[in-house]
Amino acid sequence: MGLGIFAICMTLHVLLWRIYQPKRHLVALLSLFFLGGAVLFFALQIFFKLSFPDALAVALLHTALSCGYIQLYPASQAQSPSVTILTTVKKSMPHGMTENEIRSLLNTEMTFQDRVEDLMAAGLVQHEKKGLSLTKRGRGFILPFIYYRRMLGIPEGKG
Amino acid sequence: MQPQLQYLVLLALSPLFMFLLHMATGRLYMALKLEKASPLVSAIWAIGLGVVLIAVLSWRLFLGSLNGGEQIVAILYGALVLIFLSGAYYILFAMTEAARRIKILQEIYRKGQMTAEEMNRIYGSDSLFSIRIERLLALNQIEKKDDRYYLKGNGLYAVAFLVSFWSRILKFSKN
């Protein structure tokens, strides 16, 4: 049943995205898989009256599949540099690629400025006199990542 | 608590176990002066250890007491949940390690303010290139011979191929 709920959410996701891609991708995706998933789950619960362990098993499977997919999703939305490197190096086999060939590929496909503009549009970064700084929302967004890396013992600025 | 419930709770808590193991393997890497190795390698070790530990505990708590088809279904269920949750944990960590938007925000947080030129110097195409190449070399997915890069492993390439394919299904990319 967990697989079924996930399959329904995934089918709706593919159909919706092929017809109309929402502006706030991640919010739409989270709503579809978690709110939509919860609605389907409760509908099934009313119909089948699952025991607590069975209901937990269904919810856990749907959550695991959804978390895995949602984490992978940004890579398909904005072509990741690692994906670009691997797919083009594969195409170049058996001759391989030089450093300059790979660099030129990354230069043309992904500009740094685009990322900064994305962050400003999302309200995470703002222009100030001396340069760019974090907005309140930006600080709230990045702090969990900073604490997470501190807990792992990774020195700041490394990586 | 019923054994089935214990098994489900164990699976649900698997990302937490991996996080705790990751704290240990990350510090071990630092103590052994392996800082130059990609931090992703210590994450892979933590996830691998976590999966083995959870598999053993699951067997003792619940799976070992089942028979025949019931056991196979329960093992497949657990494997699916564990693969997806550990995959999600790995991607979350990789995101803090290399995603450009996250790196830019981290750097601004650390320094207070930064000019676009400063950031471009640190996270522009040069850094973009070296971080990704070092990581792919450390994970044995590519190799460098006579100043040329070649594909070595097929694991990450398979993921990259699937990601490109999925990108076309969702109409993000036409290539």
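Residues numbered from 1 in each chain as written. Chains lettered and ligands numbered in written order. Predicted model: local features only at pLDDT ≥ 70, side-chain atom pairs only at ≥ 80, totals over all residues. Heavy atoms only, no water.

(A) Structural view of the overall build of chain A. A tally of regular secondary structure across chain A gives 7 helices and 3 strands. Its helices and strands taken in sequence order, chain A reads α-α-α-α-β-α-α-β-β-α from the N to the C terminus. A globule of 159 residues ought to have a C-alpha radius of gyration of about 15 Å, yet chain A, at 21 Å, is considerably larger. Across its three principal axes, chain A shows a C-alpha extent of roughly 60 × 50 × 40 Å. Buried residues in chain A amount to 42% of all 159 residues. Restricting to contacts in chain A with at least 6 residues of sequence separation, those with at least 24 account for 52%. Carbon and sulfur atoms form 66% of the exposed surface of chain A, whose accessible area is close to 8,600 Å². Looking at chain A, you have 16 positive and 9 negative side-chain charges, and the mean spots of the two groups are 7 Å apart. (Helix = DSSP H or I, 4+ residues; strand = E, 2+ residues; numbered from the N terminus. Rg over C-alpha atoms; globule rule 2.2 N^0.38 Å. Buried < 20%, exposed > 50% of the residue type's maximum accessible area, 1.4 Å probe, protein only. Contact = heavy atoms within 4.5 Å. Areas by Shrake-Rupley, 256 points an atom, 1.4 Å probe, with all protein chains shown as cover. Lys, Arg positive; Asp, Glu negative; His and termini not counted. Charge placed at Lys NZ, Arg CZ, Asp CG, Glu CD.)

(B) Up close: the packing of aromatic side chains. In this structure the tally under the stated criterion is 13 aromatic pairs over all chains. Ring geometry for F41 of chain A against F42 of chain A: centres 5.4 Å apart, planes inclined by 70°, an arrangement best described as edge-to-face. In this structure an aromatic cluster arises from ring pairing among F6, W17, F33, Y69 and Y73 of chain A together with W166 of chain B. Sitting over the face of the ring of Y157 of chain B, K90 of chain A holds its NZ or CZ atom 5.1 Å from the ring centroid. When the ring centre of Y150 of chain B is taken as reference, the NZ or CZ atom of K145 of chain B above it lies at 5.9 Å. (Phe/Tyr/Trp six-rings, centres within 6.5 Å; stacked < 30°, edge-to-face > 60°. Lys NZ or Arg CZ within 6 Å of the ring centre and 35° of its normal.)

(C) Up close: the pairing of strand β2 (residues 142–145) of chain B. All names here are of chain B. Strand direction decides the pairing type here: β2 and strand β3 (residues 148–151), joined by 4 bridges, are antiparallel. Residue E143 lies in a different strand from β3, and its bridge partner there is Y150. Where β2 folds back onto β3 in an antiparallel hairpin, the turn is made up of 2 residues, including D146, whose phi is positive at roughly 50°. (Pairing = 2+ DSSP bridges.)

(D) Layout of the side chain of S58 of chain B. All names here are of chain B. Secondary-structure assignment places S58 in helix α3 (residues 39–61). You can call S58 buried: its relative accessible area is 3%. Engagement of the side chain of S58 in a polar contact is seen with the backbone oxygen of I54, the distance being 2.6 Å. Contact partners of S58, with chain neighbours within four places excluded, come to Y7, L10 and L63. (Polar contact = N/O pair within 3.5 Å; in protein donor to acceptor, adjacent residues only side chain to side chain.)

(E) How the structure looks around helix α2 (residues 14–31) of chain B. Relative to the 26 Å expected for 18 residues at 1.5 Å per residue, α2 of chain B spans 26 Å between its end C-alpha atoms, a close match to the ideal helical length. Contacts made by the buried residues of α2 of chain B are with α7 (136–151) of chain A together with α1 (3–12), α3 and α4 (68–98) of chain B. (Expected span 1.5 Å × (residues − 1).)

(F) Molecular detail of the pairing of β3 of chain B. Note: strand β1 (residues 97–98) of chain A against β3 of chain B, 2 bridges, orientation antiparallel. Its bridge partner being in β3 of chain B, M97 of chain A is matched across the sheet by Y149 of chain B.

(G) Representation of the interface of chain B and chain A within the structure. Taken together, the contact pairs 74 residues of chain B with 80 residues of chain A. When the area that chain B buries against chain A is broken down by residue, the three leading residues are L105, Y109 and F172 of chain B, summing to 10%. Our count for the contact surface shared by chain B and chain A stands at 1 salt bridge. Scanning the region where chain B abuts chain A turns up 14 residue pairs in polar contact (both at pLDDT 80 or more). Broken down by element, the residue count for the side of chain B that touches chain A peaks at 13 residues, all from α4 of chain B. Broken down by class, the residue content of the side of chain B that touches chain A amounts to 44 nonpolar, 15 polar and 15 charged. (Buried area = accessible area lost by both parts, 1.4 Å probe. Salt bridge = Lys/Arg side-chain N within 4 Å of Asp/Glu carboxyl O. Nonpolar A, V, L, I, M, F, W, Y, C, P; charged D, E, K, R; others polar.)

(H) Structural context of the environment of F33 of chain A. All names here are of chain A. Along the polypeptide, F33 turns up in helix α2 (residues 25–48). A residue is classified by how much of its surface remains accessible, and F33, at 0% relative accessible area, is buried. A sequence separation of 39 residues divides F33 from L72, and the C-alpha atoms of the two residues are 14 Å apart.

(I) Fine view of unusual backbone geometry. All names here are of chain A. Here M93 and P94 are connected by a cis peptide whose omega angle stands at 10°. Mapped onto the elements, P94 comes out in the loop between α4 (81–92) and β1. Phi is positive for K49, which is not a glycine, with a value near 50°. Turning to its location among the elements, K49 is positioned in the loop between α2 and α3 (52–77).

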